[in-house]
Structure formats: structure tokens, C-alpha cells
Amino acid sequence: MSEYRMHLMVCAGTGCVSNKSLEIKEVLEDEIKKAGLENEILVVTTGCNGFCAQGPIMVVHPGGIFYQMLTKEDIPRLVKEHFLKGRPVKELMYTPSAQEPPIPKLSDIGFFSKQRLVALKNRGLLDPEKIDEYIARDGYTALAKALTEMSPKGIIKDVADSGLRGRGGGGFPTGKKWQFAQEAKGDRKFVVCNADEGDPGAFMDRSIIESDPHVVLEGMAIGAKAIGASHGYVYIRAEYPLAIERINIAIKQAREYGLLGGDILGTGFKFDVTVFKGAGAFVCGEETALISSIEGKAPEPVIRPPFPVQSGLWGKPTCINNVETWATIPSIINRGAKWFSEIGTEKSKGTKVFSLVGKIRNAGLVEVPMGITLKEIVYEIGGGIPGGKKFKAVQTGGPSGGCIPASLIDLPIDYEQLAEAGSIMGSGGMIVLDEDTCMVDIAKYFLAFTNDESCGKCTSCREGSAALLEILTRICNGEGQEKDLELLNDLGIAIKNASLCGLGQTLPNPVLSTLKYFRDEYVEHIKYKRCSASVCRGIISSACQHTCPLGQDVPCYVGLIANGKFDEAVEIVRKENPLPAICGRVCHHPCEAKCSAGEGEEEPISIRALKRFVADYEMERGIKFQPEVKPSNGDKVAIIGAGPAGLTCAYYLALEGYKVTIFEALPVVGGMLSVGIPEYRLPRQILNLEIDNIVKLGVEIKTNTAIGRDMQLADLKNEFKAIFIATGAHQGIKMGIPGEDADGVMDAVDFLRAVNLKQKIEIGAKVAVVGGGNAAVDAARSVSRLGSEVVVLYRRTRAEMPAENEEIEELLRECIEIKYLTVPVKVISEGGKLKGVECIRMKLGEVDAGGRRRPVPIEGSEFTLELDSLIIAISQRPDVSFLNNGASIKVSKWNTIEVDTETFHSDEEGVFAGGDVITGPNTVSDAMAHGKIAARMINKYIKGVPVKREYKVTRPAIQVEAVELTDEEIESLKKPAMPVLSVQERRGNFNEVELGLVREMAMSEARRCLRCDLELQKEESAE
Ligand SMILES: Cc1cc2nc3c(=O)[nH]c(=O)nc-3n(C[C@H](O)[C@H](O)[C@H](O)COP(=O)(O)OP(=O)(O)OC[C@H]3O[C@@H](n4cnc5c(N)ncnc54)[C@H](O)[C@@H]3O)c2cc1C
Ligand SMILES: Cc1cc2nc3c(=O)[nH]c(=O)nc-3n(C[C@H](O)[C@H](O)[C@H](O)COP(=O)(O)O)c2cc1C
Ligand code: SF4
Ligand code: SF4
Ligand code: FES
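Report on the accompanying structure. In this text the structure is predicted, and so the values were computed from the model without any measurement. (Residues numbered from 1 in each chain as written. Chains lettered and ligands numbered in written order. Predicted model: local features only at pLDDT ≥ 70, side-chain atom pairs only at ≥ 80, totals over all residues. Heavy atoms only, no water.)

Looking at the secondary structure, you find glutamate 453 in helix 17 (residues 439-453). Among buried charged residues, glutamate 453 stands out as having no salt bridge; its nearest opposite-charge side chain is arginine 237, 6.4 Å away. (Helix = DSSP H or I, 4+ residues; strand = E, 2+ residues; numbered from the N terminus. Buried < 20%, exposed > 50% of the residue type's maximum accessible area, 1.4 Å probe, protein only. Lys, Arg positive; Asp, Glu negative; His and termini not counted. Salt bridge = Lys/Arg side-chain N within 4 Å of Asp/Glu carboxyl O.)

What follows deals with the nonpolar core. Counting 74 residues, the largest nonpolar core has Trp178, Val216, Val234 and Phe271 as its most contacted members. The dominant element in this core, judged by the number of residues it contributes, is helix 10 (residues 213-227), at nine residues. Once residues within four sequence positions are removed from consideration, valine 234 is found in contact with Cys193, Ala195, Ile209, Met220, Ile247, Val273, Thr274, Val275 and Phe276. Listed in part, the 69 residues of the second largest apolar core include Tyr652, Ile707, Leu713 and Ala913. (Core = buried A, V, L, I, M, F, W, Y, C linked by side-chain atoms within 4.5 Å. Contact = heavy atoms within 4.5 Å.)

Further remarks concern the pairing of strand 6 (residues 231-237). Of all seven residues that make up strand 6, seven are buried, and the element is covered over most of its length. The side-chain alternation of strand 6 yields two buried faces, one formed by His231, Tyr233, Tyr235 and Arg237 and the other by Gly232, Val234 and Ile236. Both strand 5 (residues 190-195) and strand 6 contribute to a ladder of six bridges, which runs parallel. In the sheet register, phenylalanine 190 faces strand 6, and the bridge partner there is histidine 231. In this structure, strand 6 lies alongside strand 8 (residues 269-278), joined through seven bridges in parallel fashion. Its bridge partner being in strand 8, tyrosine 235 is matched across the sheet by phenylalanine 276. (Pairing = 2+ DSSP bridges.)

With that out of the way, let us pick up the sheet that holds strand 11 (residues 364-369). Ordered in space as 11-10-14-12-13, the five strands form an open sheet in which the pairing is mixed. Edge positions in the sheet fall to strand 11 and strand 13 (402-405), since each of these pairs with one other strand and no more. Between one strand and the next, the sheet's axes are offset by a mean angle of 30°, whatever the strand orientation. By the bridge criterion, five bridges tie strand 12 (residues 391-396) to strand 14 (residues 429-434) in an arrangement that is antiparallel. (Axes fitted to C-alpha atoms, helices over the stretch in contact; angles between N-to-C directions.)

This brings us to the pairing of strand 12. On any regular strand, side chains alternate: one points to one face of the sheet, the next to the other face. Summarising burial for strand 12: six of the six residues are buried, a large majority. With four bridges joining them, strand 12 and strand 13 adopt antiparallel strand pairing. Its bridge partner being in strand 13, valine 394 is matched across the sheet by isoleucine 404. Adjacent in sequence and paired antiparallel, strand 12 and strand 13 are bridged by five residues, among which glycine 397 carries a positive phi angle near 90°.

As a further point, take the site of ligand 2. Surrounding ligand 2, one finds 18 residues, the nearest of these being Gly168, Lys177, Glu197, Asn322 and Thr325. The separation between an oxygen atom of ligand 2 and a polar side-chain atom of asparagine 194 is 2.9 Å. Backbone polar atom of glutamate 287 to an oxygen atom of ligand 2: 2.9 Å apart, as the coordinates give it. Put simply, the parts of the chain that give the shell around ligand 2 at least two residues each are strand 9 (318-322) and helix 20 (502-506). Counting residues per element, the shell around ligand 2 draws most heavily on strand 9, which supplies three residues. Partitioning the shell around ligand 2 into residue classes produces three nonpolar, nine polar and six charged. (Near = heavy atom within 4 Å. Polar contact = N/O pair within 3.5 Å; in protein donor to acceptor, adjacent residues only side chain to side chain. Nonpolar A, V, L, I, M, F, W, Y, C, P; charged D, E, K, R; others polar.)

Moving on, we come to the pattern of salt bridges. Side chains bearing opposite charge may pair, as long as their charged atoms lie close to each other. Under the counting rule described, the total for this entry stands at 68 salt bridges. Residues lysine 297 and glutamate 295 are paired through a salt bridge, measuring 2.8 Å at the closest nitrogen-oxygen approach. Given the relative accessible area of 51%, lysine 297 is considered exposed. The residue arginine 585 makes a salt bridge to aspartate 616 at a minimum N-O spacing of 2.9 Å. Separated by 31 residues along the polypeptide, arginine 585 in helix 27 (residues 580-586) and aspartate 616 in helix 29 (residues 607-620) bring together distant segments of the chain. For arginine 585, a relative accessible area of 6% translates into the label buried. A relative accessible area of 14% means that aspartate 616 is categorised as buried. Among the charged side chains, a network of salt bridges with common partners joins Arg681, Asp778, Arg781, Arg785, Glu807, Glu810, Arg813, Glu814 and Arg986.

Written out as C-alpha cells, the structure reads:
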């Protein structure tokens, strides 16, 4: 290799080849030739580099510069800049996040730096089709040592002392297996490399063979010498053509070099290898089934003992090892048992290769020391979960492995710890699951696989897996019963105990481990007819409707908008929502986060904007929707607080014929809608029109009436049949730093209230806002509109900011600076008046329990900001001091009122509570949902019927026809950008920024909806 000044290692693993790495190689060679560099630079194709998610990959040596996601178009620039001018191209390097710079060197990238390569020691460093390159990297020296310097017993002793355990799943000590095989009597013996690898998503073994086939052959030859075998088989599934091709090339070359065949290395040792293409069933990987398969019989497991080492292929002693086990042997022989046994944990020595897949940024093949924690694998190697989603669990061990929950993130990974946690190492499949995974559905998925793959010999496995699958399917369809949980558990244990082979013995693992760690999700499906991941179609119908706290029939109204039937769409929206124009502007739209149209790189449907479109359409024409109102029943209900929770409760109670009075402490109605959210997001005229609609139903609102100050709770109890407390969370939380009481330091809620009530407020010329949520962003944008200079201080990075993304975008567009990773530590004041704030810079440290990297202070990075005002927007809590006057209502340590979470009934008879006062600061639509449910419960309470919730699966209210789209339209439809005021037009006023979708935009966006509700209807009518 030394005659070239540079080697370009282009990955030719299956992943990169499918991403056109071989075409890239051709262009690279052409461009190198054009630049006259062909005698200086050599392009080498290698096996899988491991970081498949970033493919096509190329590594430049010397220097180890890592290029990723290459295209043919990148190559001319790369050749010119890097190889001619010596300027590596940053844009083609790996960049962990938008806030971090590109990382030039492979060894500095998190994905690689925590790995330890033994079985994959030659990864990305050689051409798997050239034996010379393997030999140049010490290839076949271990075999030479074994044949010339070691006795069979000595080889076995080294393997035993190394502590190596079989990597195929069972973890049986390899040295012991070899010893049994060596001691077994037989005129012929065999070694077998098990490369069946039938686990969905796993590609460790295939990849090892594709990238370094000689290391497997060398390991097999050493094993053959140790046990006295003269022939070996590589049992590989036919679906792995590249691996089959490469192992065949390797065998041919090894024969030519005298490393396989008659007289290996002149030592008289005879050993040759045959490749056997497997039938493709998962059970073929089981060693006794594999033997039957090679013998030409049906691949069914048989009872052991005798074990294959005693009686295997054609009744002869046969030592079967996994690909990775064989690939580890040459390193043990060359570097010694002690070296290997020093890696790993007490009982699990060495390294393990995993295929890290699923909801993970850096998917690929990794080799790590045993004992590494799950956290290190998921966050440091895997780079965490994409799309800001929460890490939920890892499924290890293939289809019959178990699910390890996020709460066990510090679990060290080895055979014992995984078994204790209810999973298995298996052969190294590791599927990362995020919050969008339903654990019942995942158990069902794996059960469907193992049920399908059961060879059917044992009743327990065949019928038991079918029964488990049937129960899981029922639960996923919302038809489960509480007793199913015990049944699943008992059946799972029985199947484990009664089955013949590893498949039946482990197939209940996904069910048993999810039952153990995610029982709540099973209960949620069975009792509440909910699937919080919005996956189980039989329960959810459509993710948007199921996720909406108000149960809005989204697909129906979106379908009606697509058909231009706006009046009907309004009716559907209004049925479940008394404040649609408000929600259409400020709802945190959880429906969009789960919208099926938004999967992968696609954009979700603008559900909130569509709701606003129909609500505004109706308002422009005067509100026409007339809900059905029952005649007055004479019963009176009191509501404390006129925020979204109180207003919604009042609306639904009024429809039931109650006389409702709302007591509101402030001079205005709307709660945070009125005094928290600024007018540029929610114009008061819109708010007032929707409130008027509720008042028109006969709801009385007494403003300037604070319970606890102007009246007592006990007074209300005498007059009203029931009370709903919806007083929100208005008390700002302090930072707890010195000097915080200075004049000029204020809370965001107080500041926004003053701005919204048009009270005079002095904030001066320079203001800082502390926090990263909605209140912080609203406060900063309001300060800017009042004409002051403002900066936001946030302790983490943009990715972690809890405020709505749209709002952060607009804040940045309004040229407001956010100082990320910054925390105030001291308020500086003079004569009690604020002068500035001392801040410290932070860096992101270890990942915390919530999966976010904890900010830690950078010593000596303190700096001072001169300020006239400091607005604190870190959080709020409820003020429940009005309960002190004799009420027996329980309050938590966070000052929230404790209620029965299903009925919202408090400890005090006839008193219900909902909204932010029970949750702490939350959202408008959740508060409204509480108000709606509380109204139903209060109605039951007053009517004297049991106060109980009924739960049903989500279903559309009406059937709405789908619109027909042409292929062209499907291609061209795009999420519309919300029309907004220009930044210029926003200056110095609180005019609404978002202008709303116009008719054509709304119809085109609605046509983009996938109408998920219709899929279920189709499935149901097909049954
Ligand atoms: C600045 C800011 C921006 C926000 N932006 C959004 C957003 O964009 N989207 C979103 O979904 N959520 C947002 N929220 C949160 C949302 O406003 C609240 O979750 C929601 O308003 C809670 O509704 P609620 O009815 O429980 O309480 P509130 O809206 O807080 O209403 C409670 C009412 O009770 C009254 N009250 C309190 N004590 C008494 C008493 N003793 N006697 C009589 N009356 C009393 C209060 O004056 C108030 O009017 C925001 C919050 C803030 C602070
Ligand atoms: C259903 C089933 C499938 C299996 N599939 C594989 C496989 O694909 N590859 C493998 O090496 N071992 C597989 N095994 C394990 C083998 O039976 C055997 O234990 C292993 O090949 C021995 O090699 P080792 O000691 O190096 O792990 C499977 C076992 C069962 C029960
Ligand atoms: S446990 Fe299942 S796969 Fe294994 S032998 Fe029995 S029926 Fe076949
Ligand atoms: S695509 Fe349409 S029906 Fe499906 S989740 Fe999104 S909005 Fe709902
Ligand atoms: S195939 Fe290229 S990195 Fe895996």
C-alpha cells in the first residue's frame, strides 16, 4: 500500500452499495485520473464501515478523514479541494447537530470512539475480495501459530481461558464446547459456521462475512485443528448474495494460497470448507435444525442430548459456532487469552457486535466491550433519538428477546444483566424504540413473527404462540379484558417451560418483558381504549382524532374542507369544541405531532390552521351553528375561574340545562387566553366573540370576584349543587438566586398580564427574559413590541426549548437574540434597583433520566449583562390559598389540587377541579378537555347516577368521502406556509402576526390528508 500517498476507502457494504457507492467509486477514479493523481491515490472498496445510516461512506488515509452521504455530484469538488489543494471539505463531513461543527476524523466521531473492535478489527480497512490485504493485516498468522506452535489442547485452553462465549445467542462457553468436541469419538468431525441470521433487522453476521470473510475462515481452521475436524460448512441463508459471493471468493483464494485444502502451510493439516445455502426459515438457525437442513432433511429441531458436539452431521461430532464467535478466534490466538479476558465483565468477556437499528440517529453495526451501558450505546454511540422524541425502550435479542425500558438506561450490557432484566443477548439485534412505539403492538409484531416461524412440532410453541397472538390482537383492537393480563403471563411461562427448542423457550419474552415494564400500556388499551403511541388502528381509527384532547373528528372536518363543504366542517368542529377560533390559533396541536402524513421527512397536515380556517369562515358570516340546548332544569353550578377549563365546563353544563355562574377574580374573561397569551397571537375580538357565544347560552360571568377574597368556597357550597374549580396556575416561580427581589425583576405572568390589560409598565431600554417556554417567548416578543431591546437566556440548546417551534422561529425572525446554554447566577443591583445580571455559560453534560443532556456550568465563564429589567419565565404554579378557609381539599407539594384523575372529583363532596390547577402549567386544549369531562361528571353527580367515565374506541362521527387525487397532485401537494405579517409590519404594535390560510390553500392542504379513518373502515368492511 505504501507506494500511494493516499488511500480512499470506499464502503462497498450492502447498505452503501444500495446507495450507489460503486458508482461513486467509478466517478472518483475518473476524476482522480483527470486530475493526474492516479499514481498517487488508490481507491479501495471495503466491507461495511459500520455507520450505515450515513452511507455512502468514504474514509481517507492517512488522517482518517470521514466523508459521508456522498453523491456523484460531490466528487469533482472533493477531488479538487481535498486531494489537489489539501483542503478537506467540511460540508461532506459528519455534523452531530446544527449547533456543533463538523467532525473531520472518524476516530473523533461519537459513533466510533466508544467502540472496541475485535471481530470487526479490519472493518473498513481492507478489500474483502483480496486475500493479500487480509494477509497484510496479520491475516492467517493466528492459524500459522496454531498449526506450528500450539497443540489442540493448548488452543482449546487459550479459548477457554479467554472466557469467550458463543455469540449466536446461547452464550455457551466456546472453549468448553471445543473440548467436548475434541473429546468426542468419531472417525470424522466437522466444524460449522452458523450464518443463518434470520432475525428481522439483524445484519451482524452477514456484514462480518461481507467485510472480512477470511477472518471467519481462519477462525474455523483453528477450531478444526483444535477438535480434529477436516471439513467445515458455512451455513448461510440464500438471501445474502453478497456474503455468499465473498465467502466463496475467500475460500477459492485461501485454497490457492495453501491456507485451505490438503497440506495447510506445509504442516500436513487438512481442512476445507463448503458453503451451504440455507432454506431461509428462522428455525434453521437452531443448531439441530441446521444439521437436519444440511443433511437434506426437514429443518426441525430435535431433542438434545445428544448434543451436536457428540452426534451432529451424519452422526459425527460437530462443533457449531456463530460467525462472530469464529471471527473472534484469530485475535484471541494472536493476542492471548489474558488480553481478551481483560475486556468486559466478570462473566461476559470480550466484545459484542450489535446491529443498532430503529429510532436512533446513528444506526449501524457497532462492536462494544461487554459491560457498556445502554446509555452509552443509545446516546454516545447512537447519538440519541431523532426528531426530539423520547427514548422509550430497547428490544434486544431478536424476535424472541425482551424490551428493556428507558428507566434501566444505566444497565450494563452483558449476558447476566440482560437475562435479569427479562431479555437476552441473542445474536446482537438491538432495536431502539421511541415514544411513538406502542409496546403492546411491538409484542404482537414479534409474536406474529415467531408464531409464523414455529416449526410446529411442539403443541406449546405452535398453539401457545397462536393463543398469545390472538390475545394481543384482541387487546390491540380495543377488545381486551382485564383477565387477559394474567392469561398472557401464565401462558407465556407455560410455553417457556414446555417447548423443545430455543424458539419456543424464548418466544414469550417480548410479551413477558412488556407486561413487566409497560403494564400501564396494556391497561390503557384494555380499560381506557387508548393507545398513547397512536399505533393500534383498531383503537385509534386515526392518530389525529385519537390524540386530540377534545376528540375532534379531524379526518372528517379535513375531508369536508377538501370537498369545499365548509359549513359542514364547521359543524363537525363545533360539536366537540366551543372555542374553535381560539384553538385554531393557540392549541399546541398534539394531533400534528402524531399525524401519519408527517412520518419520516414528510410534513404533517396543518390541522390547527385548517380548524382556524373554518372557524374564521364561520365568524366572517356570523356564527350559525346552533347547538342543541336542553330546557332549564333549575339546578345551579358554580365555576371558579373563567379560563378555557371554566368556560368549556360552563358551555357543556349550559347545554344540559344548568344555570351556571362563573366567578372570575380578574376584570376580564378568558384566563391565560386573555392575560397570558399576547394579542398578536390571539386577538381580543376573536376571544370575545367566542366567549359571547357561551354567555348567550345563559352563562353568567361575575368578574372582579375572587373566591377567598370577595366570597368563600363555603358560601358557594350553600347555593350551588356542584362546584368546578378552574383557577389555573398564575404564580410565577422564582429562580432562587441572590438579589432576585430587586426592583426591576418581575415575573413573566405579571408582566404579560400588565401588557394585556394595557396597564402602564416601566421596563426600560434593556431587558432580558429567562426561560425557554411559551411564556418566555411571549414575554420577549412583547418586550420587543414595546420598543425595548431584549435577549432570551436559556440554559439548554434550541433543540430542547419547550416553546412551540413556530413561535421560536418567529421570535428569531423578529431579530430577538437567544443566548443558549446561559444561566443567571446573581442579580446585580444598586440601592435596591436592578442594574444587571451575572450569568454563567453552560455545556451539555451527561444524559439525564429524561434523555436530555444535562447542562453543567463552565467554570470561569461568568459574564455580566447590563439591564433595566429582568423577566423570569421559568414556570408557574397554582395559588390555592383560597382553599385555606375550611375546605378539606387535598393539595400536592406542587400546589396542585388532587382529584380523582378519571372523574375530576376532589376530596370534598360535590367539588370538582380541572385545568392547570390540577396539572400545573399546561395547555389550552387539555384545560378544555378537563372542563368538558368535568361537565359530564357534574351532570351525573347532580342527577344522582354513578359518577363514572365510559371509554370507547375512537371512531369518526360521520362518513366523509375521500377526494380523488391524481398521481401528479400527490407529487405536487405541499404544506402551505402560513401567511404572516412582515417583520416591519409587526413593529410597535400587537396586530395578529399569522393571517390564516386562504380558501385555496386550505383546500389544497386538506387534500393532502391521508384520511387514515377510511383505512380502518375499509379493513372492517373487508372482514
Ligand atoms: C404566556 C403564556 C402563553 C401560553 N401559550 C399557550 C399556547 O400557545 N397554547 C396553549 O395550549 N397553552 C398556552 N399557555 C397555557 C394555557 O394558557 C393554560 O394552560 C390554560 O389557559 C389553562 O387554562 P385554565 O382554565 O386551567 O386556567 P387559566 O387560563 O389560568 O384561567 C384561570 C382563571 O381563574 C381565575 N382565578 C384564579 N384564582 C381565582 C379565584 N380565587 N377566584 C376567582 N377566579 C380565580 C384566574 O384569574 C383566571 O382567569 C400559555 C400560558 C402562558 C402563561
Ligand atoms: C430459533 C433459533 C434460531 C437460531 N438462529 C441462529 C442463527 O441465526 N445464528 C447463530 O449463530 N445461532 C443461532 N441460534 C443458536 C444456535 O442454535 C447455536 O446455539 C449457535 O449457532 C452456536 O454457536 P455459538 O456457540 O458460537 O453461539 C438459533 C437458535 C434458535 C433456537
Ligand atoms: S419449540 Fe417451537 S420451533 Fe422449537 S421445536 Fe418446538 S415447535 Fe419447533
Ligand atoms: S393524515 Fe389526515 S387523518 Fe391521518 S393523522 Fe394526519 S390529519 Fe389525521
Ligand atoms: S454498508 Fe457502508 S457503512 Fe455499512
